[in-house]
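Examination of the molecular architecture
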Amino acid sequence: MPRFQIKPYTVLITATGKSPITLSLRPVPLLVGLGVLAGLPIAWIALLLYQNVQLAQRNQNLSETASEVLTELNAIGNEIEVLKHRAGLPDHSGDSTRLPDRDGDKIPPRGGIAQAAPAEAMFDEARRQLPSLETMLSRAVKPALEQTLEAEAEQAAAFPSGKPLAGEPSISSEFGLRPNPFGLRGYEMHEGVDFAGPVGKPILATAEGVVVRADYNGGYGNHVKIDHGYSYETLYAHLSDLEVKIGDRVQRGDVVGYLGSTGRSSGPHLHYSIYRNGQAVNPRYYLKLAETNQETK
Ligand SMILES: [Zn+2]
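I will try to describe carefully the structure that is included in this document. Treat the numbers as computed from the prediction; the structure is a model and nothing was measured.

Quick notes on the side chain of H223
Counting through the fold element by element, H223 comes out in strand 9 (residues 221–229). Within the local environment of H223, its side chain forms a polar contact with the backbone oxygen of G221, the two atoms lying 3.0 Å apart.

Written out as structure tokens, the structure reads:
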């Protein structure tokens, strides 16, 4: 392979009147040497450029992060205001519970931040806003949440749930259209569920509320109606005896009367209705009865 034969090169360095210095170099080390000599400045410039780009990128990232932090802080501040409003707290409970206004000198309004303000100034602004945010959290959000939880607890207590009889009572008639239970022709709308049971079994209120009916009429016999607020009412009918009177305040689980067969009844049972905004709804959804006890008789 004569074409690829590697021949050494000779470099002559001469000065006038002096004998020349000769350097005999093989081509590969020579090329590498020249390459390194030429490459060093290029590498240096490339490194500087790279560092510059890196720095610019980092600055850009920092600016974006700072801008995001400020936007987030502002959003949290707004959310707190909304929460306060929803909890019925005053919008402005002193300046100390509000984020400082943005009309200050350093920080331009939202939207133009990324281009306009340097990252450092924006981080300073974020640092400045954090204590106010903490104050808002402790002074406004905590009471607002407590108020909301209290209201929700109140509402939960007034929400008819569970069974109006202890144990695992069986449902003898479902909510909805049913054949006439007295053997007559046609169908009737049954606005509740019937629970079969022995006469005298205690009947329990399914939610906190005020007794608005506790008397006798031809259809429901001895019956109790409770107003729970939040547009809910419950009815307990065909009772043998009543345990409450109109105006009584009852808690969930209180005895309101005893199972019977008074009024338009074909046998001892409790008729239980739930009304929402005056409309009968299917108590099934509120009973939380186990599937095994849902067979109808
Ligand atoms: Zn019924």
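There's plenty left to go through after this.
Focus on the coordination of the zinc ion
Protein ligation of the zinc ion involves H190 (NE2), D194 (OD) and H271 (ND1), the donor distances falling in the range 2.0 to 2.1 Å. Mapping the donors of the zinc ion onto the primary sequence yields the spacing H-x3-D-x76-H. Highlighted residues: D194 in strand 6 (residues 193–196) and H271 in strand 14 (residues 269–276), separated in sequence by 77 residues. Judged by relative accessible area, D194 falls into the buried class, the value being 6%. Overall, H271 belongs to the buried group, its relative accessible area being 5%.

A closer look at the nonpolar core
Ranked by internal contacts, the top residues of the largest apolar core, which has 22 residues, are V224, Y236 and L270. If near-sequence neighbours (up to four positions away) are discounted, V224 is found in contact with V211, R213, A214, T234, L235, Y236, L239, L242, V244 and V256.

Let's talk about helix 3 (residues 119–157)
The largest bend along helix 3 reaches roughly 35° and is located at L137. By the burial criterion, the buried members of helix 3 are A119, M122, E125, A126, Q129, S132, L133, M136, A140, V141 and A144.

Here's the deal with the pattern of salt bridges
If you walk through the whole model with that rule in mind, you get 10 salt bridges. E125 is the partner of R128 in a salt bridge, and the nearest nitrogen-oxygen pair spans 2.9 Å. Residue R128 and its partner E125 are both found in helix 3; the two are separated by 3 residues, about one turn of the helix. Residue classification places R128 among the partly exposed positions, given a relative accessible area of 42%. The class for E125 is buried, based on a relative accessible area of 3%. Among the salt bridges present, the one from R284 reaches E174, with a minimum N-O distance of 2.3 Å. Note that R284 is positioned in helix 4 (residues 284–287) and E174 in the loop between strand 3 (171–173) and strand 4 (176–179), a separation of 110 residues in sequence. Beyond isolated ion pairs, a larger network of salt bridges with shared partners links R178, E188, D194 and R264.

The rules behind the values
Every chain is numbered on its own, with residues counted from 1 as its sequence reads. Per-residue local features are limited, in this predicted model, to residues with pLDDT of at least 70; the limit for side-chain atom pairs, both in listing and counting, is 80 or more; totals at the level of whole chains, interfaces and linings are taken over all residues. Hydrogens and water are ignored here; the side-chain numbers use all heavy atoms of the structure. The helix and strand labels rest on DSSP assignments: H or I over at least four residues marks a helix, E over at least two residues marks a strand, and numbering proceeds from the N terminus. Two N or O atoms form a polar contact when they lie within 3.5 Å of each other; inside protein one atom must be a possible hydrogen donor and the other a possible acceptor, and for residues adjacent in sequence the pair counts only when both atoms belong to side chains. The rule for donors is simple: an N, O or S atom within 2.8 Å of the metal counts, and for Na, K and Ca the reach is 3.2 Å. Water is not among the atoms, so a site may look short of donors. A simple rule labels every residue: compare its accessible area, found with a 1.4 Å probe on the protein chains alone, to the largest value its type can have, and call it buried under 20%, exposed over 50%, or partly exposed in between. Side-chain atoms within 4.5 Å are what join buried Ala, Val, Leu, Ile, Met, Phe, Trp, Tyr and Cys residues into a set we call a nonpolar core. Contacts are assigned to residue pairs that have any heavy atoms within 4.5 Å of one another. Fitting axes to the seven residues that end at a residue and to the seven that start at it, the angle between those axes gives the bend at that residue. Basic side-chain nitrogens of Lys or Arg form a salt bridge, by our definition, when they fall within 4 Å of a carboxyl oxygen of Asp or Glu.

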